[in-house]
Amino acid sequence: MARVRGPIFPPPIIDRILSVAILDGHRLLGYMLLSRECLDRCRRHLFSHFDVYPLLPLQRYVDLFETGNLYDYVEIVTIDGLREKSPSVCLDGGPSEALDHAWVAVAIPVFEKLSNIRGLYLTDLNWQSLSLPARHALGTKFTRATTLSLDGIDFGNSYEMANFLQGFTNLSRLLIEEPAWTSSTHSIQQISNMMPLKLK
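The model shown is predicted, which means the values in this text are computed figures rather than measured ones.

The rules behind the values
Residues numbered from 1 in each chain as written. Predicted model: local features only at pLDDT ≥ 70, side-chain atom pairs only at ≥ 80, totals over all residues. Heavy atoms only, no water. Phe/Tyr/Trp six-rings, centres within 6.5 Å; stacked < 30°, edge-to-face > 60°. Helix = DSSP H or I, 4+ residues; strand = E, 2+ residues; numbered from the N terminus. Buried < 20%, exposed > 50% of the residue type's maximum accessible area, 1.4 Å probe, protein only. Pairing = 2+ DSSP bridges. Axes fitted to C-alpha atoms, helices over the stretch in contact; angles between N-to-C directions. Contact = heavy atoms within 4.5 Å. Polar contact = N/O pair within 3.5 Å; in protein donor to acceptor, adjacent residues only side chain to side chain. Patch = residues over 30% accessible without salt bridge, like charges linked within 9 Å, V, L, I, M, F, W, Y side chains within 5 Å. Areas by Shrake-Rupley, 256 points an atom, 1.4 Å probe, with all protein chains shown as cover. Salt bridge = Lys/Arg side-chain N within 4 Å of Asp/Glu carboxyl O. pLDDT = per-residue confidence, 0-100.

1. With respect to the packing of aromatic side chains
Going through the model one piece at a time under the given rule, you end up with 8 aromatic pairs. Ring centres 5.1 Å apart and planes at 40° place the aromatic pair Trp-127 and Phe-155 in the tilted group. Of this pair, Trp-127 sits in the loop between β3 (119-123) and α7 (132-140) while Phe-155 sits in strand β5 (residues 154-156), placing them 28 residues apart in sequence. Assessed through its relative accessible area of 2%, Trp-127 is described here as buried. Judged by relative accessible area, Phe-155 falls into the buried class, the value being 0%. The interplanar angle of 40° and the centroid separation of 6.3 Å between the aromatic rings of Phe-155 and Phe-164 together place this pair among those described as tilted.

2. A few points about the sheet that holds strand β2 (residues 76-80)
Ordered in space as β1-β2-β3-β4-β6, the 5 strands form an open sheet in which the pairing is parallel. Whereas interior strands pair on both sides, the edge strands pair on one side only; in this sheet they are β1 (49-52) and β6 (173-177). Looking at each pair of strands side by side, their axes are set apart by 5° on average, direction ignored. In terms of strand pairing, strand β4 (residues 147-151) meets β6 through 5 bridges, oriented parallel. Each bridged residue has a counterpart across the sheet, and for Ser-149 the counterpart in β6 is Leu-175. Where helix α8 (residues 158-166) meets the sheet, it contacts β3, β4 and β6, and its direction lies at approximately 165° from that of β4.

3. Focus: α7
For α7, every residue scored as buried is listed here: Ala-134, Arg-135, Ala-137, Leu-138 and Gly-139. Buried residues belonging to α7 abut β2, α5 (102-106), α6 (108-111), β3 and α8.

4. Considering the side chain of His-101
Structurally, the position occupied by His-101 is in the loop between β2 and α5. Within the structure, His-101 has its side chain in polar contact with the backbone nitrogen of Asn-126 (distance 3.0 Å).

5. Regarding a nonpolar patch on the surface
On the surface, Tyr-53, Leu-55 and Leu-82 cluster together to form a nonpolar patch covering roughly 230 Å² of accessible area. On the basis of relative accessible area, Tyr-53 is assigned to the partly exposed category, the value being 33%.

6. Regarding the confidence of the model for the protein chain
The pLDDT averaged across the protein chain works out to 77; a share of 72% of its residues lies at or above 70. Ignoring residues within four places in sequence, the model shows residues 85-98, a span with pLDDT below 50, making 15 contacts including any to other chains.

7. As for the pattern of salt bridges
For the structure shown, the criterion picks out 3 salt bridges. With its nearest N and O atoms 2.9 Å apart, the salt bridge here joins Glu-75 to Arg-118. With Glu-75 in the loop between α4 (58-68) and β2 and Arg-118 in the loop between α6 and β3, this residue pair connects regions lying 43 residues apart in the sequence. With its nearest N and O atoms 3.3 Å apart, the salt bridge here joins Glu-112 to Lys-141. Residue Glu-112 is found in the loop between α6 and β3, and its partner Lys-141 is found in the loop between α7 and β4; the two are separated by 29 residues along the sequence.

Here is the structure:
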C-alpha cells in the first residue's frame, strides 16, 4: 500500500502555527514529530534561549545541548544572579557561598560553542564576584550581539562598565538599568577625568 503524505504547508504557515504552539511546550514537542521541517523549526523555538542562573543543574542542560547538537539554535543568552535570594547550587548539588558567581565560570565552555548570539542579557550580578576568566568570556564571546541588556549589575567601578561596553561594536540596542559602583573604587585621576564612551 502506498504511503500517503499529508499536506505540505509553506514555511511561513508552519512558523505561524509554531509561534502559537510555543506557549504550550508539550504541544510543540508533538509538532517536532510531524516532519523534518517541523523538527528544525521547533528546535529553533525551543532552544533559541540559553539561560544560566545559580539554581540551574547546568551539567544536565549542557548534556542536552551536546547530545542534540543544539548550540547553533541559540540566539539569546541570559545570565541571571537572581539577587542571590536563594543559596547558589554547585554542579554537585551542594550550596555555595553568597555572591560567589563561580556558577558563571562553569558555563564558559558552553559560551565557546555559541556562534549565533544576537542578544546578551545580564541581570543581578556583582562584577567583582565573577572570576577573571568569566569576565573575559562575557566581554569577548558575545561581541557579535546586537542587543545588550545590563540590569542591576554592580560593576564596582564605572570604568569596568565602560571597558566592558567597548567590546560590543555591533550593538543596535543597549539597555542599562540600575548600574552600581562606588567612588571608593576609583582613583582620584578617574574621578577627575572623564572617559568618553564611544559605541559604533
